[in-house]
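Observations on the model geometry
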Number of protein chains: 2
Amino acid sequence: MEDNQVLDRFEEMRELVNANLESIVEEQSAVFGEVAIVSGQIVLAGGKRIRPILVMLAYQLAGGDDLEEVIPLALSSEFIHSASLIHDDINDDSSTRRGQEAIHVKVGQAKAIIAGDWLFSQGFGLGARYDEEVVEVMAHYCSILASAEFSQIDHVLDLSTSPEDYLEIVRGKTAGPFAAGCKGAALVANASAENCEYLFEFGMELGIAFQLVDDLLDIRGDERMGKPRGSDIYEGKMTLPIIHALTILHGPQRVRLSEIIRNFEDSLFDELISLLNFGGSLNYSEILIRNHLERALSYLDHFEDCETKQLLKHVVKMVEKRHS
Amino acid sequence: MEDNQVLDRFEEMRELVNANLESIVEEQSAVFGEVAIVSGQIVLAGGKRIRPILVMLAYQLAGGDDLEEVIPLALSSEFIHSASLIHDDINDDSSTRRGQEAIHVKVGQAKAIIAGDWLFSQGFGLGARYDEEVVEVMAHYCSILASAEFSQIDHVLDLSTSPEDYLEIVRGKTAGPFAAGCKGAALVANASAENCEYLFEFGMELGIAFQLVDDLLDIRGDERMGKPRGSDIYEGKMTLPIIHALTILHGPQRVRLSEIIRNFEDSLFDELISLLNFGGSLNYSEILIRNHLERALSYLDHFEDCETKQLLKHVVKMVEKRHS
């Protein structure tokens with residue numbers, strides 16, 4: 001397949017996801033009224049649809065030949081993701097999401113909490129039609145997600161956060177749902193236990209890289225994030241470049257970095273970046289991203305070459321390109 | 001069965017529920033850490049366990065003969081109920097629940113939102129092992145619950161709220177989950193479509209009565225509520241006695257009632273009660289409660305007399321007695 005054909009196929013999948021999401025939101029809005037309309041807005045506001053597309057591709061790579069069979073699982077992952085975004089935005093006091101006003105700003109916090117719950121119900125309802133094994137993988141990673149969010153809250157402005165703490169949070173919050181989606185899809189496709197694990201690990205590695213890229217983009221600034229530059233720093237989130245720099249730097253530089261993190265404002269960006277560069281911390285994150293993406297690719301080696309594998313490699317490239 | 005045997009059997013069921021909840025919370029705390037511990041505290045803090053017991057009894061009345069089969073569904077209803085309590089308490093800014101400090105007071109709002117999400121995951125995970133039909137009933141009523149909560153928020157301090165608006169909210173928020181639990185249990189027991197509907201309607205009528213009683217207890221004050229008297233009024237919730245009185249009263253009495261509701265404080269309780277009594281509004285609620293409980297009982301008439309039926313009648317009596 002040529003590169004532009006890959007792009008076309010990818011775009012087709014995204015449109016398939018969008019069409020399905022639109023039709024569910026429309027249908028549910030007629031039944032459930034405002035809660036579905038409000039929640040639907042966040043679901044339909046865009047986003048890369050990387051989670052549902054991964055579910056569909058993992059299903060096909062694992063040998064599934066009836067895409068319809070896995071679509072509810074794919075949509076389930078997007079609904080649950082959207083639900084967690086709404087609750088995250090409340091907790092982070094973020095006022096924008098996907099380039100729009102966050103829901104809790106639009107309709108107030110009380111309705112936003114409920115809107116998230118509604119999306120969880122939708123997501124679980126869609127996911128529950130599968131075999132117990134699939135449901136267990138998905139439900140387990142939703143629980144891990146909550147556990148990781150607790151840990152993230154505990155580490156806000158905790159300057160002693162270790163890279164291990166950080167990776168544990170990333171595995172729970174971002175990579176776990178990627179991995180569970182890929183494994184769940186493989187289970188739906190009746191793949192061998194081995195192939196289910198390969199796809200699980202593929203999702204995990206890709207998800208870790210994805211979050212590392214997100215964290216870099218937050219520091220460097222990128223309008224694709226749909227939220228202001230430096231949001232993580234303002235929220236006191238300990239991301240890897242910062243954790244790394246706090247480990248590497250000593251004396252007055254470390255003291256200054258701590259001060260900057262504790263009292264961050266936009267005017268401190270340049271100084272922050274130069275401290276992170278001095279510690280080689282942005283570079284360190286970039287190397288880790290490449291490592292995790294290479295590991296992700298290595299799990300694909302277990303599968304025969306095919307169009308679907310090309311598309312999954314394209315997803316890996318997309319994640320890589322976001323930070324370049 | 002003698003009355004005290006009924007009580008003993010009921011207590012046995014409650015203990016069965018509690019033992020199962022305790023073992024899940026203990027198991028999950030080992031896996032998920034603080035989020036499970038914190039969420040588990042609210043689950044284990046007590047409560048009547050009326051929802052899971054109803055699920056088990058409905059299953060048995062519908063002909064189910066392997067109680068183990070329905071226990072995950074019963075527990076699922078309690079987890080989802082606990083999740084919605086946590087989020088409600090945030091939204092209502094309630095500081096106590098089941099006689100304890102509310103979770104958001106204990107661990108902060110951010111963790112409380114996530115704790116609720118974790119409980120939803122647990123609840124859905126437990127419920128998802130059943131056939132699609134069962135899952136659909138449960139997921140549908142979780143969505144209706146969210147929709148009803150939106151409506152309740154919209155009607156805060158809305159003095160034009162009609163009894164129909166109120167009943168719609170009660171059906172969604174309280175009675176729907178009761179009804180769905182009973183119907184879901186009947187489906188698990190492979191009951192006839194007719195018997196599933198009878199149990200659904202039984203749950204709906206019982207649930208409406210349950211909420212009407214709750215609302216009366218809030219006005220009259222009762223330490224069994226586990227929260228301060230008048231909480232609903234402070235939160236601007238339009239409950240039936242108030243809606244009824246606003247409809248019946250005219251002139252200066254209606255004006256005064258509106259003032260009291262808008263600027264409520266404890267010293268106004270006596271005046272509020274005397275206005276509600278003047279309108280016959282507490283009495284009206286009591287009559288409605290009896291009507292709904294009688295209707296609930298009439299749905300049990302479709303089933304043969306048996307111990308389980310006696311236990312369900314006991315639950316009806318429990319609901320009735322709470323307000324007497």
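Residues numbered from 1 in each chain as written. Chains lettered and ligands numbered in written order. Predicted model: local features only at pLDDT ≥ 70, side-chain atom pairs only at ≥ 80, totals over all residues.

So, the overall build of chain A
- Of the regular secondary structure elements, chain A holds 15 helices and 2 strands.
- In summary, chain A has a C-alpha radius of gyration of 20 Å against a globular reference of 20 Å for 324 residues, a match within 12%.
- Projecting the C-alpha coordinates of chain A onto the three principal axes gives extents of approximately 60 × 45 × 35 Å.
- Evaluated residue by residue, chain A yields a buried proportion of 52% over its 324 residues.
- Pairs at least 24 residues apart make up 74% of the contacts formed inside chain A by residues separated by at least 6 positions. (Helix = DSSP H or I, 4+ residues; strand = E, 2+ residues; numbered from the N terminus. Rg over C-alpha atoms; globule rule 2.2 N^0.38 Å. Buried ≥ 20, exposed ≤ 12 C-beta atoms within 10 Å, placed from the backbone. Contact = placed C-beta atoms within 7 Å.)

Details of the interface of chain A and chain B
- Taken together, the contact pairs 31 residues of chain A with 31 residues of chain B.
- Looking at the side of chain A that touches chain B, the elements that each hand over two or more residues are α2 (34–44), α4 (71–92), α6 (109–127) and α7 (132–154) of chain A.
- Here the side of chain A that touches chain B is composed, by residue class, of 16 nonpolar, 8 polar and 7 charged. (Nonpolar A, V, L, I, M, F, W, Y, C, P; charged D, E, K, R; others polar.)

Topic: the nonpolar core
- Of all hydrophobic cores here, the largest spans 214 residues; its most connected members are Ala58 and Ala185 of chain A together with Ala58 and Ala185 of chain B.
- Discounting chain neighbours no more than four positions away, the residues touching Ala185 of chain B are Val55, Ala58, Tyr59, Ala62, Val70 and Leu73 of chain B. (Core = buried A, V, L, I, M, F, W, Y, C linked by C-beta atoms within 7 Å.)

Topic: the relation of the copies chain A and chain B
- Mapping chain A onto chain B calls for a rotation angle of 180 degrees and an axial translation of 0.0 Å; the resulting RMSD is 0.0 Å. Given the turn and translation reported, the copies of this chain are related as if by a two-fold rotation axis. No C-alpha of chain A lies nearer the rotation axis than that of Ala128 of chain A, which sits 2.5 Å from it.
- Looking at chain A, 100% of its interface residues are interface residues in chain B too, so the copies touch through the same face. (Least-squares fit on C-alpha atoms with pLDDT ≥ 70 in both.)

Side note on helix α4 (residues 67–92) of chain B
Residues and elements named next belong to chain B.
- With 26 residues, α4 extends 37 Å between its outermost C-alpha atoms, agreeing within 8% with the 38 Å of an ideal straight helix rising 1.5 Å per residue.
- By the criterion of burial, α4 is predominantly enclosed, with 22 of the 26 residues buried.
- Asp93, located one to two residues past α4, shows a positive phi value of around 55 degrees. (Expected span 1.5 Å × (residues − 1).)

A word on the packing of helix α14 (residues 281–300) of chain B against helix α15 (residues 307–321) of chain B
All names here are of chain B.
- As a packed pair, α14 and α15 sit with axes 10 Å apart at the nearest point and diverge in direction by 175 degrees. When the interaxial angle is binned, α14 and α15 end up roughly antiparallel. Residues Leu293, Ala296, Leu297 and Leu300 of α14 pack against Lys309, Leu312, Lys313, Val316, Val319 and Glu320 of α15.
- Of the residues in the contact of α14 with α15, the class split is 7 nonpolar, no polar and 3 charged. (Axes fitted to C-alpha atoms, helices over the stretch in contact; angles between N-to-C directions. Parallel < 35°, antiparallel > 145°, perpendicular 65-115°, else oblique.)

Digging into unusual backbone geometry
Residue and element names in this part refer to chain A.
- Here the phi dihedral of Asp93 falls at roughly 55 degrees; this positive angle occurs in a residue that is not glycine.
- Mapped onto the secondary structure, Asp93 falls in the loop between α4 and β1 (96–97).
- Assessed through the 14 C-beta atoms surrounding it within 10 Å, Asp93 is described here as partly exposed.

Section: the confidence of the model for chain A
Residue and element names in this part refer to chain A.
- Here chain A averages 94 in pLDDT, and 98% of its residues register 70 or above.
- Here β1 is the element of chain A with the lowest mean pLDDT, 84, and helix α3 (residues 50–61) is the one with the highest, 98.
- Scoring the predicted complex yields pTM 0.93 and, for the interface, ipTM 0.91. (pLDDT = per-residue confidence, 0-100.)

Quick word on helix α11 (residues 240–248) of chain A
Residue and element names in this part refer to chain A.
- With 7 of 9 residues buried, α11 lies mostly within the body of the structure.
- For α11, every residue scored as buried is listed here: Leu240, Pro241, Ile242, Ile243, His244, Ala245 and Leu246.
- Tucked inside the fold, the buried residues of α11 contact α8 (163–188), α9 (193–220), α12 (251–262), α13 (269–278) and α14 (281–300).

A closer look at the environment of Leu212 of chain A
All names here are of chain A.
- Position of Leu212 relative to the elements: it lies in helix α9.
- Taking the C-alpha atoms as reference, Leu212 lies 9.7 Å from His292; in sequence the two are 80 residues apart.
- In this structure, Leu212 is in contact with Leu240, Ser285, Leu288 and Ile289, ignoring residues within four places of it in sequence.

Some remarks on the environment of Gln28 of chain B
All names here are of chain B.
- Structurally, Gln28 is set in helix α1 (residues 3–32).
- What makes Gln28 partly exposed here is the crowd of 19 C-beta atoms within 10 Å.
- Not counting residues within four places of it along the chain, the set of residues in contact with Gln28 comprises Ala36 and Gln122.

Some points on the environment of Glu320 of chain A
- When you line up the elements, Glu320 of chain A lands in helix α15 (residues 307–322).
- Between the C-alpha atoms of Glu320 of chain A and Ala74 of chain A, which are 246 residues apart in sequence, the distance is 23 Å.

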